[in-house]
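So you can see what is in the structure, the chains are spelled out below.
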Amino acid sequence: RQRIIVRTVDMTMVVSSVSASMDEVAELAQEIGGWMVSRDQHRLHHGLISIRVPVGQLDYVIRELRNLAVEVKSEISNSKDVTDEFVDITARLSNQIATQAALLKLLERADTVEEALSVHKELTDVQEQVELFEGRLKFLEQTSAFSLVNVTMNLQPIEMIVNAGVNQTIGVGQVARFRAFFSPPEGLEEFTFTWDFGDGSAIVTGNRTAPTEREDMRV
């Protein structure tokens, strides 16, 4: 018997535009007969999109995603063999269907209302099991035929233009005060700044939501 394999791929990559790249991923899935499962982008610089694609097209999709990225940070592929589960559920489903047929015959031959109600209750329980097994088999068939691809996207770092004012000449032991101004790209909610004083001291890095920062330095 051919093995039933469920494949899942998780990718994390850097892109030049999160919104545009997510649109391209959704279009790619649709073009090859797949579909978008979910999409989450609540910030300009970060997003997550999940798609299902025909298993025969999975390698092609992975190549296209690599081409779409500025940089692929990680790529994890998992395969799960569900053949045994599929065979087991198929056998149990067959038994339940046989039981269902036997109960239907008993229901037809019931002589009293009490007998009919008792058989009907058992029949209802069996029908619920049949629907449960059929749903699970359908799920396994679909997930093995269409692989899940989860793509996490991060915006490519953007270098901001900084105006630190005119150059200053400072004597040893004096305090130097300076202020740097910069404007984040439109729509960018968060950014990271780094102060490198060039004197061998530790580089200072932080996160801000305001575009202006002031630091004091003793040289």
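Before reading on, note that the structure itself is shown above.
This section reports on the structure supplied with the text.

Conventions used here
Residues numbered from 1 in each chain as written. Predicted model: local features only at pLDDT ≥ 70, side-chain atom pairs only at ≥ 80, totals over all residues. Heavy atoms only, no water. Pairing = 2+ DSSP bridges. Helix = DSSP H or I, 4+ residues; strand = E, 2+ residues; numbered from the N terminus. Axes fitted to C-alpha atoms, helices over the stretch in contact; angles between N-to-C directions. Expected span 1.5 Å × (residues − 1). Buried < 20%, exposed > 50% of the residue type's maximum accessible area, 1.4 Å probe, protein only. Arc of directions from axis to C-beta. Polar contact = N/O pair within 3.5 Å; in protein donor to acceptor, adjacent residues only side chain to side chain. Core = buried A, V, L, I, M, F, W, Y, C linked by side-chain atoms within 4.5 Å. Contact = heavy atoms within 4.5 Å.

**Some points on the sheet that holds strand E4 (residues 71–81)**
- Strand order in the open sheet made by the five strands is E2-E3-E5-E1-E4, with mixed pairing throughout. Edge positions in the sheet fall to strand E2 (35–43) and E4, since each of these pairs with one other strand and no more. Neighbour to neighbour, the strand axes of the sheet diverge by 10 degrees on average, direction disregarded.
- As judged from the eight bridges shared by strand E1 (residues 5–15) and strand E5 (residues 146–155), these two strands associate in the parallel manner.

**What about helix H1 (residues 18–31)?**
- When the terminal C-alpha atoms of H1 are compared, their 20 Å separation across 14 residues agrees well with the 20 Å that a helix rising 1.5 Å per residue should span.
- For H1, every residue scored as buried is listed here: Val18, Ser21, Met22, Val25, Ala26, Leu28 and Ala29. Taken end-on, H1 shows its buried residues confined to a sector of 155 degrees, consistent with a single buried face. Exposed and facing more than 90 degrees away from the buried side of H1 are Gln30 and Glu31.
- Measuring from the backbone nitrogen of Ala20 back to the side-chain oxygen at the start of H1 gives 3.4 Å, which picks out Ser17 as the cap.
- Taken from the residues just after H1, Gly33 is the one with a positive phi, measuring 90 degrees.

**Here's the deal with the nonpolar core**
- Counting 24 residues, the largest nonpolar core has Met13, Ile49, Ile51, Val53, Leu65, Val149 and Met153 as its most contacted members.
- Put simply, the parts of the chain that give this core at least two residues each are E1, H1, strand E3 (46–54), helix H2 (58–68) and E5.
- Top contributing element to this core by residue count: H1, with six residues.
- Ignoring sequence-local partners within four residues, the contact set of Val53 consists of Ala29, Ile32, Gly34, Leu58, Val61, Ala145, Phe146, Ser147 and Val149.
- Residues Val82, Ile89, Val119 and Leu137 belong to the second largest nonpolar core, which totals 14 residues.

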